[in-house]
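Architecture and fold: a report
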Amino acid sequence: MNICLLGYGYWGSNVFRNLQKFDDITLSIVEPNTENWKKVKDDSVSLYFGIDEILSNPYLKKIEGAIICTSVSTHFELSKKLLQNKINVLCQKPLVETVAQAEELTEIAKENGVKLMTAFTYVYNQGIRKISQLFPEIGKKYYYDSTRINLGIIQRDTNVFWDLFVHDAAILYYLTYKLPKFISAVGACHNENEFIDVANVSLGYEDGFSAHCHVNWISPIKNRTIIFGGENKMVTFDDCSSEKIKIYDTGFSKRGGVFDYRTGDIVIPKIDNTEAIELELNHFFGCIKYGMEPLTNGEFSINVLKMVEAANQSAKENGQPVYL
């Protein structure tokens, strides 16, 4: 396949490293900053200043798939142009800046018979996949508690809801395939860009399941942990540890007015260490080759963005619940 990577910055270089694992693609890179060209250590890769150089050149082979790794503010126009040219698109999260934009792109993709996919990397993470496989053991879902903190990167064109909470929104939608009944969020800004850099988000669901997510760009430590509590067992996910998943045979029961607490075995299952970026790229290429619908397609992205928009709206209203 003829694949184009748009953007060779911080994340684009990570995607490029994983693209090099695929032998059956011809790769070109669009990167307006020629200083970044020097970082591409592969003579077989063609380099271009802009996407129009490729689209308007009749002598170049048609691109079958494009991977967008540029700033969020450019996602909509780039995706729209590519989809209208009947090119399959894999765009880094968040897909776009508004639900309305995501709906428009989803419709354009359908009209042109091409795939639109968002790179919600954690949905393709083997640890998160393992949690979904454990649901029969976990029993009734009780709660999801996430901490996603680090020192940086403070974004120039978006806030922590769009940059970090979007990961949890995607994970929650993947694990439940439901939108919450309401979202309440509070946040604060401590930087000159005037974008919220620390926030807490609470989500309530119809069936009593609840979620809490803490996101932070200005923490002295890096933490990427999730606790998923159920009636029978509880699971922890630590993306910064070699032991990604731990299953706790832990719970409680009530007898009359007394609570009994159960603390049993802790199991650490073996997790495939294939990088999530490689898995999502493989899924994208498979969707192009075999006509499958991407897991994180336009409809999936729209529902995730509804959650992020609701969190932003609630924060503007000092934590007032926003009902979905």
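Before reading on, note that the structure itself is shown above.
Residues numbered from 1 in each chain as written. Predicted model: local features only at pLDDT ≥ 70, side-chain atom pairs only at ≥ 80, totals over all residues. Heavy atoms only, no water.

**Structural notes on the packing of helix α5 (residues 99-112) against helix α10 (residues 298-316)**
With their axes 9 Å apart at the nearest point, α5 and α10 run at an angle of 175° to one another. Classed by the angle they form, the pair α5 and α10 counts as roughly antiparallel. Packed against α5, whose contacting residues are V99, A102, E103, T106 and K110, the element α10 presents G298, E299, I302, L305, K306 and E309 at the interface. Counted by class, the contact of α5 with α10 contains four nonpolar, two polar and five charged residues. (Axes fitted to C-alpha atoms, helices over the stretch in contact; angles between N-to-C directions. Helix = DSSP H or I, 4+ residues; strand = E, 2+ residues; numbered from the N terminus. Parallel < 35°, antiparallel > 145°, perpendicular 65-115°, else oblique. Contact = heavy atoms within 4.5 Å. Nonpolar A, V, L, I, M, F, W, Y, C, P; charged D, E, K, R; others polar.)

**Examining the sheet that holds strand β3 (residues 46-48)**
Pairing within the open sheet is parallel, and its six strands lie in the order β3-β2-β1-β4-β5-β6. The open sheet has two edge strands, β3 and β6 (116-119), and neither has a second partner. Across this sheet, the average inter-strand angle for adjacent strands is 20°, counted without regard to direction. Bridge count for strand β5 (residues 88-92) against β6 is four bridges, and the pairing is parallel. By the bridge assignment for β6, V89 is matched with L116. Of the strands in this sheet, β1 (2-6), β4 (65-68), β5 and β6 are in contact with helix α4 (residues 72-84), which crosses β5 at around 165°. (Pairing = 2+ DSSP bridges.)

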